[in-house]
Amino acid sequence: MKFIDETVITVRAGNGGSGCLSFRREKYIPFGGPDGGDGGDGGSVIIKGTDTLNTLADFRNKSLYKAENGKSGGSKNKHGRNGEDLIINLPLGCVIYDNESDEELYDLDDESKSFTIVKGGEHGYGNVRFKTSTNRAPRKKTNGKEGEFKEIKIILKVLADVGLVGLPNAGKSSFLKSVSMAKPKVADYEFTTLTPNLGVVLYSDYEKFVVADIPGIIEGASKGVGLGIRFLKHISRTKMLLNLIDCSFKTYEDIIKEIDKIKNELNSFDEELIKKDKWIVINKIDLLDEEKLSDLKNRFKETDFHVYFISTVNKAGIKELTDNIYEYLKYENRIKEI
Ligand SMILES: Nc1nc2c(ncn2[C@@H]2O[C@H](COP(=O)(O)OP(=O)(O)OP(=O)(O)O)[C@@H](O)[C@H]2O)c(=O)[nH]1
Ligand SMILES: [Mg+2]
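For every chain, the first residue of the written sequence is number 1, and numbering continues from 1 onward in sequence order. Chains and ligands are labelled sequentially in the order written, the chains with letters from A and the ligands with numbers from 1. With the structure being a predicted model, the display of local features is reserved for residues of pLDDT at least 70 and the display and counting of side-chain atom pairs for 80 or more, all residues being used for whole-chain, interface and lining totals.

**So, the site of ligand 1**
Threshold: Near, as applied to residues and a molecule or strand, means the residue's backbone-placed C-beta atom lies within 6 Å of it. For this classification, the nonpolar set comprises Ala, Val, Leu, Ile, Met, Phe, Trp, Tyr, Cys and Pro, the charged set comprises Asp, Glu, Lys and Arg, and every other residue, Gly included, is treated as polar.
Around ligand 1, a shell composed of 24 residues is seen, among which Gly171, Ser173, Ser174, Thr193 and Gly216 lie nearest. Looking at the shell around ligand 1, its residues break down into 8 nonpolar, 11 polar and 5 charged.

**Focus: the nonpolar core**
Quick note on the threshold: In this description, a nonpolar core means buried residues of the types Ala, Val, Leu, Ile, Met, Phe, Trp, Tyr and Cys, linked to one another by C-beta atoms lying within 7 Å. Put simply, a residue is buried when 20 or more other C-beta atoms lie within 10 Å of its own C-beta and exposed when 12 or fewer do; between those, it is partly exposed, and each C-beta is set from the backbone. As used throughout, domain bounds are those supplied by an automatic or database domain assignment. Contact between two residues is assigned whenever their backbone-derived C-beta positions fall within 7 Å.
Formed by 60 residues in total, the largest nonpolar core has its most connected members in Ile154, Leu164, Val165, Val211, Ile245, Val281 and Ile282. If you count residues domain by domain, this core takes at least three from each of domain 1 (1–156) and domain 2 (162–337). Excluding its chain neighbours within four sequence positions, the residues that come into contact with Val281 are Leu242, Asn243, Leu244, Ile245, Tyr308, Ile310 and Leu321.

**A short note on the pairing of strand E6 (residues 104–107)**
Where we set the bar: If DSSP finds at least two bridges between two strands, the strands pair. Only DSSP runs of H or I covering at least 4 residues are called helices, and only runs of E covering at least 2 are called strands; the numbering of each starts at the N terminus.
Two elements, strand E5 (residues 94–98) and E6, share 3 bridges in a ladder whose sense is antiparallel. The partner of Tyr97 across the bridge, within E6, is Glu104. Between E5 and the antiparallel strand that follows it, E6, lie 5 residues; Asp102 among them carries a positive phi value of about 70°.

**A closer look at the confidence of the model for the protein chain**
Note the threshold: Per residue, pLDDT captures the predictor's confidence, and it can take any value from 0 to 100.
This prediction gives the protein chain a mean pLDDT of 91; 97% of its residues lie at or above 70. No element of the protein chain has a lower mean pLDDT than strand E15 (residues 336–337), which averages 58, and none a higher one than strand E14 (residues 307–309), which averages 98.

As structure tokens, this is what we get:
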């Protein structure tokens, strides 16, 4: 299914049902009293996050979401039925904005949360309600109130613990593939990944963490070059970043430049991103001879970078890296129990 991460929809709650104007008409009771019942309340529109969805594609072809109106009241004091609420399930991680003011309204970052986004209109009153000692035959009833409506913008920012960043072809998707059950496309050309992929790393029987693989970033991405920054929002909620780097045919200096390039792009997009802990992951070490690899390792020892050397092909270094990610998330109290 197509990955869509932004959409605008209108939500409309149901109107309240009208109250009824009616008088008792029974044999032998010439002037029956009022017996018009109240209407029912209009249904509300409720939104909820679920992890069974991961795209907003379903919402592209429909723009109005409406809850049911309350039914009108009836004679014989019959209350109208309340309109049913409409529950809209959205992918977990969606943030909801008021489309007019751009104000953030809700953050669906937890499956247990649900929000009433527009409330159904209150029911109208039947004429029974207006009976008083001086007016025994009120000819008054009220209509239900209109349901609220709102135009909302939904932006999906996937929820993941670890975000993968790097130039195209660095091996981000290969890494995701090697640590999770995810099956992202991997190929020897740039921009193989066009939309984010999520993978769940099952660390033990009862613990997991989620890794997000996004399209490669190139110089100028923050200004719209390549696939641009469109997908960077998906790593904004991660707890840490891994900067993957293809080390084949590169000198130590090339690698340092590449680290800087990515850092600049992240920084231009959102300064918060570079406040995240970022580990450098040098990939494709199977393509280096031993001397070059140990030379590279030595050069990095003199730096402050938190660095790992891996190969997604022969799995070198992968276990150590995932163990350390797990320890980090656990230490930060961020590991999820399944
Ligand atoms: N030799 C070797 N090749 C690798 C390794 N990891 C990935 N590759 C290859 O590198 C190429 C790019 O890998 P991807 O995982 O698609 O890279 P990516 O970073 O996801 O690329 P984009 O999605 O374009 O940003 C593929 O041909 C992979 O097979 C590795 O450890 N060693
Ligand atoms: Mg990829």
